[in-house]
Amino acid sequence: MRWTGIAGLVLSLFQSSEANKLSFTAAVLTGKITNVTCGGIIEAIPRVDFPGLCLQDGPAGIRSADLASVFSTGLSVGASWDREMMYERGRAMGEEFRGKGAHVHLGPATGPLGRIPLGGRNWESFSVDPYLAGIATSATVRGIQDAGVQACTKHYIGNEQETQRTDSFINGKHVDAISSNIDDRTLHELYIWPFADAVRAGTMSIMCSYNRLNGVYACEHDKILNDILKDELGFQGYVVSDWFATHSGVKAANAGLDMTMPGPMNQHDTESSYFGQNLTYAVRSSQVTTDRLDDMVRRVLTPFFYLGQDKSFPTIDPSYIFVSLAAVGLTPASIGLPLNIPIPPARDVRADHGALIRKHGAAGTVLLKNTDRTLPLKSPRVIAVFGNDAGVLSRGFAAPNGEAYNPHNGVEMGVQAMGGGAGSGRFSYIVSPLEALQARAAQSNEFRLQYVTDNNIVANGDFSGIYPYPDVCLVFLKTYAGETFDRASFEGDWNSTAVVNSVASYCPSNKTIVITHSAGINTMPWAENANVAAILAAHYPGQEAGNAIVDVLFGDVNPSGHLPYTIARNETDYNTSVFNITNPTQATNSEAWQSDFTEGLLIDYRHFDASELEPLYEFGFGLSYTTFGFRGGLKIQSRVKGIGPFPPKARGKSPGGNPHLWEILFTVSATVKNTGDLAGAAVPQLYLAQPKENVPAGTPLKVLRGFEKVYLEPGQERRVSFDLTRRDLSYWDTEAQDWRVPKGAYTVNVG
């Protein structure tokens, strides 16, 4: 008999023997690494008609799959500052995951937040600002789950660097993961903030991170999992470990971990699990209560039924196992399968998503400089293209994964449209900038194209391959990043500064345009070179990278992206860095791996404000081919009367925390006008300053608390509104353990 719904499944379990019940719970709470049909697998249990769960990476599209899309990465869509686009991207990704038979989408990523400018996985997340990151995370979660797929928001919490992010062996000695040491206020106002948005949006799952937090591994941390996530934030879904991030059974289960992945205790043990059979022993010996076990199962199964995944859900794409073999350089024959084994065709789930990705890539491109309106390009005769980021990929359609692939090994040539590791995807096609330019030249016959894509040749000033002489020069720079290692340099990779300066000295005065495809923050020592006329930061835009940037260069799309981080004049202006121990003796001491977040709330633009540092390009900055202005002043409307310092107490638990925190207290409005001669989108932003006299030390001078993207024709104006909630106006009071609205006058800035 087929049981329907979670109630029916639970009923079937209660009609089973005690041994069967424990066997079921052992199976549904731990992965099975010997089953490689998905990135993570909860195996089917036929006797109760449970088909199992398929968990798949990653935050920019389904990983290691054929005929699936590679979308713009989190940082790129964060740079769009477009709420609708954030949702649209999440929905399209969810549709592809569902089409491939994946129940759980291991994304979005909102940790790392981006505390460290050179963090290796910053590009997977949306922004260094928790408000912008929270809006993007919430929209993405809703999009994924509206497609019928469970979102798994990650990495919770404090995984801000890749160096020693998890336990490892150093000189033959086991060494614990780095401990991110974060005070209570900073934890709430920065790092937990976007996760609260995810919980309020209904994320079905949260992935706990590799690192230790204040000395305790994140996946067995009772305070952050039980007290904060499940109690304070009212999270009703399940907590799953990052892969091999579980370090205990009883301790982790009692601390709030609900599912362990991929199952085994460590990468060298493919059989035993901290959960599995060991969890049944823990229950029988009363180390874990049956109530806790029931809670774990209920949390894992409820999303499956809530989203209707028990009804007509697609099967797992049978080609996945062969794609996975290819991802590690293996063929069926290399593992002993017959040479003539039939390889099933991949299920094509891409639909019309290429058009979306092209639009998203252009929207996430930030125009940083545009001297004398050099852009958009106007009837160029000869365009010369330079840089190793311009051409086709030289290593195939899969990104290298991990530190074994040095960032300068195998990824030097070809457009950088995504990073490496769990956040990557397998391209079914990719359009490079050079290919897009060649297609446009062939179609319009309006210009001739020349190119040199070897950075060594360009940096050495060898332009003998260029003729006719160009009247416009495009320089494409790249910065590679990936999981398991942090970036080593603020400047773009492969001698980027020498490349730009060389081209700028060769090309006609004020006709050099620089485009960067980067994992995040780059310093730009060449930015104020008088011959560099324009700069575009294109981030990691996905498979339509070339088409997206050409749309912007020629004005088919008016750029409207804005920086989701700050670009400093000098790398020494940043106040946070990767914590590393290079001394071999000290590195083997687990207790030496302590990363103290002593800067508190003052990261990125908050730090620049507090230290009165002038950036090269500030957080939120972005130019357009048109101009915008404000008409009249701000209007501020009070929405409630009698605002007390603390929110009223709430009954029960509500997703996202006390529902009174989300109550709108004020609405600020302003009129935006397109004062230029081209249609385009503006992104007015609201920054809030709390009363200086009544807030604790270390409070930022101002914080982002509103933004809206608005498209305007020339001369058109529109009123935009920003709702300010109680949470927006509050700081975390560590003594009261609650959000406090300080007494006094707030300052509101909209620009």
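Anything mentioned here points back to the structure above.
Below: a short report on this structure. (Residues numbered from 1 in each chain as written. Predicted model: local features only at pLDDT ≥ 70, side-chain atom pairs only at ≥ 80, totals over all residues. Heavy atoms only, no water.)

1. What about the state of the cysteines?
As enumerated under the stated definition, the model contains three disulfides in all. A sulfur-sulfur distance of 2.0 Å marks the disulfide that ties Cys-38 to Cys-54. Torsion about the S-S bond of the Cys-38 and Cys-54 cystine: about -110 degrees, corresponding to left-handed handedness. Note that Cys-38 is positioned in the loop between helix H2 (18-28) and strand E1 (40-42) and Cys-54 in strand E2 (residues 53-56), a separation of 16 residues in sequence. (Disulfide = S-S within 2.5 Å. Helix = DSSP H or I, 4+ residues; strand = E, 2+ residues; numbered from the N terminus.)

2. As for the environment of Gly-202
Assignment of secondary structure puts Gly-202 in the loop between helix H7 (193-201) and strand E8 (205-208). Between the C-alpha atom of Gly-202 and that of Glu-435, which follows or precedes it by 233 residues, the distance is 41 Å. Not counting residues up to four positions away in its chain, the partners in contact with Gly-202 are Val-141 and Gln-145. (Contact = heavy atoms within 4.5 Å.)

3. A look at the side chain of Gln-145
With respect to the helices and strands, Gln-145 occurs in helix H5 (residues 130-146). Judged by relative accessible area, Gln-145 falls into the buried class, the value being 9%. A polar side-chain atom of Gln-145 sits 2.9 Å from the main-chain amide nitrogen of Met-204. (Buried < 20%, exposed > 50% of the residue type's maximum accessible area, 1.4 Å probe, protein only. Polar contact = N/O pair within 3.5 Å; in protein donor to acceptor, adjacent residues only side chain to side chain.)

4. Brief notes about the pattern of salt bridges
On inspection of all chains with the given rule, the structure shows 34 salt bridges. In this structure, Asp-677 and Arg-373 form a salt bridge, with 3.3 Å as the shortest nitrogen-oxygen distance. Of the two residues, Asp-677 is situated in the loop between strand E22 (664-674) and strand E23 (680-682) and Arg-373 in the loop between strand E14 (366-370) and strand E15 (382-386); the sequence distance between them amounts to 304 residues. The partner of Asp-728 in a salt bridge is Arg-705, and the shortest N-O contact between them spans 4.0 Å. Here Arg-705 lies in strand E25 (residues 703-707) and Asp-728 lies in helix H20 (residues 726-729), a separation of 23 residues in the sequence. When salt bridges with common partners are traced through the structure, they connect Arg-121, Glu-124, Glu-162, Arg-165 and Glu-483 into a single cluster. (Salt bridge = Lys/Arg side-chain N within 4 Å of Asp/Glu carboxyl O.)

5. Looking at the packing of aromatic side chains
Scanning all chains against the criterion turns up 23 aromatic pairs. Ring plane angle 75 degrees and centroid distance 5.1 Å describe the contact between Tyr-156 and Phe-195, whose orientation is recorded as edge-to-face. On the criterion of sequence distance, the pair formed by Tyr-156 in strand E4 (residues 150-156) and Phe-195 in helix H7 is long-range, its members being 39 residues apart. Residue Tyr-156 is classed as buried on the basis of its relative accessible area, which comes to 0%. With centroids separated by 6.5 Å and ring planes inclined at 85 degrees, the aromatic side chains of Phe-386 and Tyr-506 adopt a geometry described as edge-to-face. In this pair, Phe-386 is assigned in strand E15 and Tyr-506 in helix H16 (residues 496-506), connecting sequence segments 120 residues apart. Residue Tyr-506 is classed as partly exposed on the basis of its relative accessible area of 25%. In textbook terms, an aromatic cluster arises when at least three aromatic residues are bridged by ring pairs, as seen for Trp-81, Tyr-131, Tyr-605, Phe-619, Tyr-687 and Phe-707. (Phe/Tyr/Trp six-rings, centres within 6.5 Å; stacked < 30°, edge-to-face > 60°.)

Take it as geometry only, folks, not as evidence of what the structure does.
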